[in-house]
Amino acid sequence: MRIILLGPPGAGKGTQAKSISNKFFIPHISTGDIFRKNITEKTPLGIEAKKHIDKGHLVPDKLTIDIIKDRLNNEDCKNGFLLDGYPRTVNQGEALKTLLDEQGSSLDIALLIKVPREFILSRMTGRRVCLTCGASYHVTFNPPKAAGKCNVCGCDLVQRADDTEDTVNERIDIYEAQTQPLIKYYDDKNLLSAVDGTQAIDSVFESIYSILESIKK
Ligand code: ADP
Ligand code: ADP
Ligand code: ZN
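Residues numbered from 1 in each chain as written. Chains lettered and ligands numbered in written order. Predicted model: local features only at pLDDT ≥ 70, side-chain atom pairs only at ≥ 80, totals over all residues. Heavy atoms only, no water.

Draft legend 1. Focus on the site of ligand 2. What surrounds ligand 2 is a group of 20 residues, the closest being Gly10, Lys13, Thr15, Arg127 and Tyr137. Residue Gly12 places a main-chain N or O atom 3.0 Å away from an oxygen atom belonging to ligand 2. Within the contact set of ligand 2, a nitrogen atom lies 2.8 Å away from a backbone nitrogen or oxygen of Gln199. Protein burial of ligand 2: of its 560 Å² of free accessible surface, 92% is covered by the chains. In terms of residue class, the shell around ligand 2 is built from eight nonpolar, nine polar and three charged. (Near = heavy atom within 4 Å. Polar contact = N/O pair within 3.5 Å; in protein donor to acceptor, adjacent residues only side chain to side chain. Areas by Shrake-Rupley, 256 points an atom, 1.4 Å probe, with all protein chains shown as cover. Nonpolar A, V, L, I, M, F, W, Y, C, P; charged D, E, K, R; others polar.)

Here's what the structure looks like:
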């Protein structure tokens, strides 16, 4: 299956992506995780991306599209993939379509996790992430088993530099201006399905699971 996840920052895309990837055996590809890894390793890409990410702005399309092209040409994406955080602009969506057309494949579904703005700030400021495996936790809503340690790999959890109140508000504004148009874009192609992201994490997954089972090939 070829899946993209849409939804505002803090909707629960990363959290659900981990479960979907495990259940359906498809690689979870998060552009945010790829950027954070490059920032930690201080690569040229990481140094450039950090300038934008710290302000809550999008990384320029050219850079982002090249990363995704490279990643989707990997052998492990042959039978499907789950994109989390890409596309974020209609231009990125068009670039994905061109790439898949060239490969003779196409998207199966764009899954929108719907969460109203008033839920987002508390989710983001309480978020703690593992920079090693990308797992995401919440101090109240989804605490790790051992305080400050990742359940999956045992590494230290950190608060992301861009999960501050000011940056979160900027990111939501940018989501509304630049990413929300993708909802209509995929709806017009009859690829859009939406789930209520305000439910508990397990219930959101159950909703997603039944949609994916119904389209599984
Ligand atoms: P969140 O899960 O909070 O929505 P991500 O981890 O997906 O955040 O992304 C973190 C940041 O990385 C974004 O705020 C943005 O600056 C940058 N980024 C991630 N994906 C993209 C993309 N597809 N296009 C442009 N910038 C991106
Ligand atoms: P995104 O990738 O869309 O930015 P995350 O998956 O990182 O979102 O989730 C953002 C924060 O909200 C994390 O701290 C996560 O533990 C928490 N979270 C995710 N889904 C839910 C939910 N359904 N209810 C409450 N908190 C949630
Ligand atoms: Zn981890």
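Draft legend 2. Spotlight on the environment of Val204. Note on placement: Val204 falls in helix H9 (residues 201-215). The class of Val204 is buried, set by a relative accessible area of 4%. Residues Val204 and Gly12, spaced 192 residues apart in sequence, show a C-alpha to C-alpha distance of 9.0 Å. Residue contacts for Val204: discarding those within four places in its chain leaves Gln16, Val195, Asp196, Gly197 and Gln199. (Helix = DSSP H or I, 4+ residues; strand = E, 2+ residues; numbered from the N terminus. Buried < 20%, exposed > 50% of the residue type's maximum accessible area, 1.4 Å probe, protein only. Contact = heavy atoms within 4.5 Å.)

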